[in-house]
Every structure is written in structure tokens, then in C-alpha cells.
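# Results of the structural survey
The primary structure of each chain is shown beneath.
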Amino acid sequence: MKFKTSAIALGLAVALAACSKKDETVAPEAAAPVEQSAPQAVAYVTHQDGPVTIYSLTDYSKVGEIVVGEGGRGVGLTDDGKLLVVAVKETKDLAIIDTATNQVVRRVPVGINPEFVRVLGNLAFVAYEPASKGGPPPKPGSAEAKAIEKEREEGDELPAQVAIIDLVKGEKIKEITAGFETEGIEFSADGKHIIVTNEADENVSVHDIETGEKIKQIDTESYGIRPRGVKRSPDGEQFVVTLEYGNKMLILDKNYNVINEAATGEVPYGVTYTRDGSEIVVALARGKAMQVFDAKTLELKREMPIGERCWHFSFTPDDKQLIVACGRSNNILVLDYATGNVVKDIPEGNMPWGVMVSPKSVGSLDIPG
């Protein structure tokens, strides 16, 4: 079944753009993307300590690099494949890249610690964390974790924000206030709601995109802590959420009610439904495996060994292979999805973080439009 967001997203882009400040200016050189066909059949890999690398999906040879600055993490792609966007921690902005030239054509200021990115139509949604202290989160329940929690309760620290950026204008036009340490972003099938996982708040919140109003909060602590990944099913009827330190995933219905749960391996993060919705694929950051579950029964069907701290992944456009970024083992693994066999093991320094393929495919960071 095809996803239903494209037409609605276009309307949202127009409506939200009208809310932008009239006195903001755009540099002349950032006027309009080059009208050329986007390169096909490539994978873009972001790195926390290096450039974006580009690989051919034909033979996985490296075909280019894009320098965006240190701390490139979240990555998104427009449906036509012409614009790639990358959240960059060092420069606190979103780099907008013309994929025909592999050049950064705009840099849009976002805020402190931008991380997760999703693209909907001509809009990019970027989660950033003004209160971030940097580094890995403390162990849940530890003295350090309790001290941070108390500091946030008593202080005036700002929770995470989701910046909405008009990719045509190259401007931040709006913000939605989420929770502390927002990690994942998804949209409802009709494009009206944004669903975010708030890791440090132990909840999933749902917001109206047009107004920014929070319309629902799903507390996860009774099921497991630190919600991370979130993905909508292809038919729009369900959502899956991974609980990083709960070693579990939750299934929500289209009205955002928890209807099921299942145990996973150790420290799940990246997650997606397969294109036909029959399976759920989960990346285990500490369990060093990709797990495949039956989407209806939540029965574990098989596992595929991977490396260390593999957070994000993407299917190839033909759905036959998985490309997995492994940050701590500093490599990119290409797996045959049916067998789990390693097709290619590509050494990659600089802590690989995210994978986006063109043409856009199913993965932990996006779904086709």
C-alpha cells in the first residue's frame, strides 16, 4: 500500500510557510535548488566525526564525500531525491545539499545539539536539545541520572524542540516543544500529527503539526525505559516504538493507544516495518544483531549478527539487502535480508551514524513518500 502523506505534506508546506517571518532574508546564492535529475542508486552515510560518504548501490564502491562539519547525524531526503539534509552538531544547523552536485547549498540555523531529522514534503523536522549536556546518557537510576532529573525539575532548562524548516525558502518557520532528549520522529498517515519519542521523559508525545499543541502523551515507564525509535506501519494503522533500556518494543494503534508489547534483544533502537508491513526489523545497539519479528504475532523469526552500536539502517530500493551503520565498530555492513549473510563489510572510521538511500527506501530513518 502506498503511503498517504505526499499531497497533504504539500498543503502543510504552504500553510506553515505563511507563518514564517516576513523580514527574514535568504542569501541570493541560496535561491533555488538546481533543477537536475537526482543521482540514482546510492547510499549516503553520516558520521559523527567525519564527512557524509556516498556509495554506489551497484557494487558498494565509494563514489564521493560531502563535508558538512563535525557531528553529522540525522539525515533525510526529499521524495524526488534532489535534496539531502543533514543535522550537524558542531555548527548547530541543518546542511541542505543538492544531490546533483553534492554541494551544500544552504545552512539553516537550528539550535543546540540537532540530531534526528525527518522530511515531509518540502519541510524538514529537526529535533534539537537546548538542555543537552553532551556525551552518552547516564545509567538509568544512577546518582548522576537522578541529579540530572532533579536539576531539570527545579531549573529552567528547555526541553527538546522540533524545528520545522521550509526547504524551498531555507528558513526555520516554526518550532514544536517536545520532551527532554527527543530521539525519534514519525508522522500520522494523514500528515496532521507528529509523534516523537522523549527518551529522558520516558514518554511518547503526539503533537498537532499546524498548532504545535500536544494532543496525547503515552507514558512508557511501566513497560520499559528510554523510548528511542518510532515507525508507522505501511497501512497507517499502527506504530512501533523501541524502548532502549527496556529491551522491548511497544505497538500503538492509530489512536496512539498501547495494544501490544514484545521483548527484544539488548538495547533496541532503530526500527522499521518492511515495505509490505509483514515484518518489523529492529537494530540492537548492544545485542549486536538485527532482529526480524512477525508484525502480527510479534514472534521473533530470525536474527542477523552485526557490529557494535549499530543504530540505523536502510533497505536497498529492491528490499533485498540491508545497509547498517555501526558506530562503535566503525564499519558499514551490507546484509542479505533473506539469509543474513554479509554481502559487504566496509571499514568506515569516524563513527557512522545514519544511512539514507536514493531512491528513498524503507529504513529506520525514513519511509518512502
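Chains are numbered independently. Their residues run from 1 in the order of the written sequence. Whole-chain, interface and lining totals are the exception, using all residues; otherwise, since this is a predicted model, local features are given only for residues with pLDDT of at least 70 and side-chain atom pairs are given and counted only at 80 or more. Side-chain numbers come from the whole structure's heavy atoms, not from hydrogens or water.

### Digging into the overall build of the protein
Secondary structure elements are defined from DSSP: runs of H or I of at least 4 residues count as helices, runs of E of at least 2 residues count as strands, and each element is numbered from the N terminus. When you go through the protein residue by residue, the secondary structure sums to two helices and 28 strands. Relative to its 369 residues, the protein shows a buried fraction of 58%. Within the protein, contacts between residues separated by at least 24 positions form 48% of all contacts whose residues are at least 6 apart in sequence. Accessible surface for the protein amounts to roughly 14,800 Å². Of this, 50% is attributable to carbon and sulfur atoms. For the exposure calls, accessible area comes from a 1.4 Å probe over protein chains only, and a residue counts as buried if that area is under 20% of its type's maximum, exposed if over 50%, partly exposed in between. By the convention used here, residues are in contact when the closest approach between their heavy atoms is within 4.5 Å. Here the open area of atoms and residues is found with the Shrake-Rupley method and a 1.4 Å probe, where only the protein chains shown may cover a residue.

### Considerations on the side chain of Gln48
By the element assignment, Gln48 lies in the loop between strand 1 (42-47) and strand 2 (50-56). Among residues more than four places away in sequence, those in contact with Gln48 are Glu70, Gly71, Gly72, Arg73, Arg309, Asn350, Met351 and Trp353.

### Looking at the nonpolar core
The nonpolar side chains of a soluble globular protein tend to be buried with one another. As used in this record, nonpolar core signifies buried Ala, Val, Leu, Ile, Met, Phe, Trp, Tyr and Cys residues forming a set joined through side-chain atoms within 4.5 Å. In terms of nonpolar packing, the biggest core is built from 35 residues, with Val68, Leu84, Val86, Phe125, Val162, Ile185 and Ile194 touching the most fellow members. Ignoring any residue separated from it by four or fewer positions in sequence, one finds Ile194 in contact with Phe125, Val162, Ile176, Ile185, Glu186, Phe187, Ser205, Val206, His207 and Ile209.

### Comments concerning the packing of aromatic side chains
Two rings from Phe, Tyr or Trp (for Trp, the six-membered ring) form a pair when their centres sit within 6.5 Å of each other. Planes less than 30 degrees apart are called stacked, planes more than 60 degrees apart edge-to-face, and all others tilted. In total, this model carries five aromatic pairs according to the counting rule given. Arranged with centres 6.4 Å apart and planes meeting at 90 degrees, the rings of Trp311 and Trp353 form a pair that is edge-to-face. In this pair, Trp311 is assigned in strand 24 (residues 310-315) and Trp353 in strand 28 (residues 352-358), connecting sequence segments 42 residues apart. Here Trp311 and Trp353 have matching classes, each one buried. Ring centres of Phe315 and Tyr337 lie 4.8 Å apart, and the angle between their planes is 70 degrees; on these two criteria the pair is classed as edge-to-face. Taken together, the residues span a long stretch of sequence, with Phe315 in strand 24 and Tyr337 in the loop between strand 26 (331-336) and strand 27 (342-347) at a distance of 22 residues. Taken individually, Phe315 and Tyr337 each receive the classification buried, so the pair is uniform in this respect. Cation placement over rings: the criterion is NZ of Lys or CZ of Arg within 6 Å of the ring centroid and within 35° of the ring normal. Above the face of the Trp311 ring, Arg228 is positioned so that its terminal group lies 5.0 Å from the ring centre. Positioned above the aromatic ring of Trp311 is the side chain of Arg309, whose terminal nitrogen or guanidinium carbon lies 4.0 Å from the ring centre.

### Let's talk about the sheet that holds strand 18 (residues 248-253)
Each strand in a sheet pairs with another by means of backbone hydrogen bonds, the pair being arranged parallel or else antiparallel. Each pair of strands is called paired provided DSSP finds at least two bridges between the two strands. Strands sit in the order 16-17-18-19 across an open sheet of four strands; the sheet is antiparallel. Each edge of the open sheet is held by one strand with a lone partner, namely strand 16 (227-232) and strand 19 (258-263). Each strand of the sheet is rotated relative to its neighbour by a mean of 20 degrees, with strand direction disregarded. In terms of strand pairing, strand 16 meets strand 17 (residues 238-243) through four bridges, oriented antiparallel. Pairing of Pro227 across the sheet is with Leu243, part of strand 17. Axes, fitted as lines to C-alpha atoms, cover a helix only where it is in contact. Angles between the N-to-C directions of the axes lie from 0 to 180 degrees.

### Comments concerning the environment of Ile194
Mapped onto the secondary structure, Ile194 falls in strand 13 (residues 193-198). Between the alpha carbons of Ile194 and Asp208 there is a distance of 6.5 Å; along the sequence they are 14 residues apart.

### Topic: the environment of Ser358
The residue Ser358 is located in strand 28 in this model. Judged by its relative accessible area of 2%, Ser358 is buried. Taking the C-alpha atoms as reference, Ser358 lies 6.3 Å from Gly81; in sequence the two are 277 residues apart.

### Examining the state of the cysteines
Only a pair of cysteine sulfur atoms within 2.5 Å counts as a disulfide in this structure description. All told, the structure shown has one disulfide when counted by the stated rule. Disulfide pairing is shown between Cys310 and Cys326; the S-S distance is 2.0 Å. The chirality of the disulfide connecting Cys310 with Cys326 is right-handed, given an S-S dihedral of about 105 degrees. Highlighted residues: Cys310 in strand 24 and Cys326 in strand 25 (residues 321-326), separated in sequence by 16 residues. Judged on exposure class, the residue Cys310 and its partner Cys326 are both buried.

### Considering the pattern of salt bridges
Just to be clear on terms, a salt bridge is a Lys or Arg side-chain nitrogen sitting within 4 Å of an Asp or Glu carboxyl oxygen. Within the structure shown, the criterion is met by 20 salt bridges. The residue Asp79 makes a salt bridge to Lys360 at a minimum N-O spacing of 2.9 Å. Pair noted here: Asp79 is in the loop between strand 4 (72-77) and strand 5 (83-88) and Lys360 is in the segment after strand 28, with a separation of 281 residues, a long-range link. Note that Asp366 and Arg118 form a salt bridge whose closest N and O atoms lie 3.3 Å from each other. Placement of Asp366 in the segment after strand 28 and of Arg118 in strand 8 (residues 114-120) is noted, with a sequence separation of 248 residues between them. Here the residues in one salt-bridge network are Asp79, Arg118, Glu186, Arg232, Lys360 and Asp366, joined through shared partners.

### Examining the confidence of the model for the protein
By definition, pLDDT measures how confident the predictor is in each residue, and it falls between 0 and 100. For the protein, per-residue confidence averages 88 on the pLDDT scale, and residues scoring 70 or more make up 82% of the total. Confidence drops under a pLDDT of 50 for residues 1-38, and excluding neighbours within four residues, the segment shows 62 contacts in the predicted structure.

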